[in-house]
Every structure is written in structure tokens, then in C-alpha cells.
Amino acid sequence: MSESLEWTPLARTADFAGQRKLAMKISGIDLLLLMDGADVVVIHNYCTHMGRPLDGGRLSAGQITCPFHGACFDLRTGAARSGPAVGSLHRFASRVEGETIYADLRNKPITPWGRRS
């Protein structure tokens, strides 16, 4: 494991049980784990538009769409691809070792609506 990152175990790949999304709260942070091909992406589970959860959103072509107002985000970069998003998603460094999914959760996101997740 990298010495510059602090890896926290989040889940096992089997926890996805055939799904592509897994929502959880760890260390007070609402997370969304997403299967993107063979990779697992870990993001803050809030749309930057109004702070609504993204776990009900649609995954397609490397993007997630907010189920409430249709904002679309790139899974690789977190960048907003369409409005009404007001900024990029917070992504956490993540990796899979064996069957365990890890992320570095030290940098908690500050939400646009003024609270730390």
C-alpha cells in the first residue's frame, strides 16, 4: 500500500451482489462506491446542485446522472458534464486489493451548501 495515503477498508467486491452501486456511511461520510468496468470509483454521495443523494442515479458510459434534476458527472474526474450541477463531485482515492475495496478518506468534502460531510 502507498505510504502517502491512508487506506480505509470500505467493502468487499462481493458486497455489490451483481449491482453497480453501493451506498454507505463510514467515518461520518456518505459514500457511493461505483463499479466502472473492473475499477471501483468512490465518490461523495451528494449531487453538487442541491445535496441530494446520487445512489438512485443512472450509470451509463462512465457517468452518473442525478435522479432528481438530471445533473451528470464524469466518474473518472468527478467533473460536472451538465447542469444544474454547480461543481465537481468529490472523489476519493481508491483501490481494490484482492476482494477488498479501500479508499483514502482523510480529505472530507465541504459541500456547496455549507456543511462538511
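Along each chain, the written sequence defines residue order, and numbers are assigned to residues from 1. Where totals are concerned, whole chains, interfaces and linings use all residues; where local detail is concerned, this predicted model gives features only for residues with pLDDT of at least 70, and gives and counts side-chain atom pairs only at 80 or more. The side-chain figures draw on all heavy atoms in the structure; neither hydrogens nor water molecules are used.

## Quick word on the pattern of salt bridges
Thought 1: Salt bridge, as used here, is a side-chain nitrogen of Lys or Arg placed within 4 Å of a carboxyl oxygen of Asp or Glu. The full count for this structure, using the stated rule, is seven salt bridges.
Thought 2: E6 serves as the salt-bridge partner of R106, at 3.9 Å between the closest nitrogen and oxygen. With R106 in the segment after β11 (100–104) and E6 in the segment before β1 (7–12), the pair connects residues that are 100 residues apart, well separated along the chain.
Thought 3: Relative accessibility decides the category of a residue: with a 1.4 Å probe and only protein chains considered, values under 20% of the type maximum give buried, values over 50% give exposed, and everything between is partly exposed. Residue classification places R106 among the partly exposed residues on the basis of a relative accessible area of 40%.
Thought 4: A relative accessible area of 47% means that E6 is categorised as partly exposed.
Thought 5: The salt bridge partner of D30 is K25, with a shortest N-O separation of 3.9 Å.
Thought 6: Under the relative-accessibility criterion, K25 is labelled exposed at 56%.
Thought 7: Beyond isolated ion pairs, a larger network of salt bridges with shared partners links E6, D104 and R106. The secondary structure listing takes helices from DSSP runs of H or I that are at least 4 residues long and strands from runs of E that are at least 2 residues long, numbered from the N terminus.

## Overview of the environment of L34
Thought 1: Among the secondary structure elements, L34 is positioned in strand β3 (residues 29–36).
Thought 2: The sequence separation of L34 and L22 amounts to 12 residues, and the corresponding C-alpha distance is 6.5 Å.
Thought 3: Whether two residues are in contact is decided by their heavy atoms, any of which lying within 4.5 Å being enough. Each residue touching L34, except ones within four places of it in the same chain, is listed here: F16, R20, K21, D39, V40, V41, I43, L59, I64 and L75.

## What to know about the sheet that holds β3
Thought 1: Taking strand neighbours across the sheet as the criterion, the four strands line up as β2-β3-β4-β9 in an open arrangement whose pairing is antiparallel. At either end of the open sheet lies a strand with only one pairing partner, and these are β2 (21–26) and β9 (91–92).
Thought 2: Two strands pair under a simple rule: DSSP has to find at least two bridges between them. Relative to β3, β2 runs antiparallel, the two being bridged by six bridges. The residue of β3 that forms the bridge with K21 is L34.

Remember that the coordinates give geometry; whether it matters functionally is a separate question.
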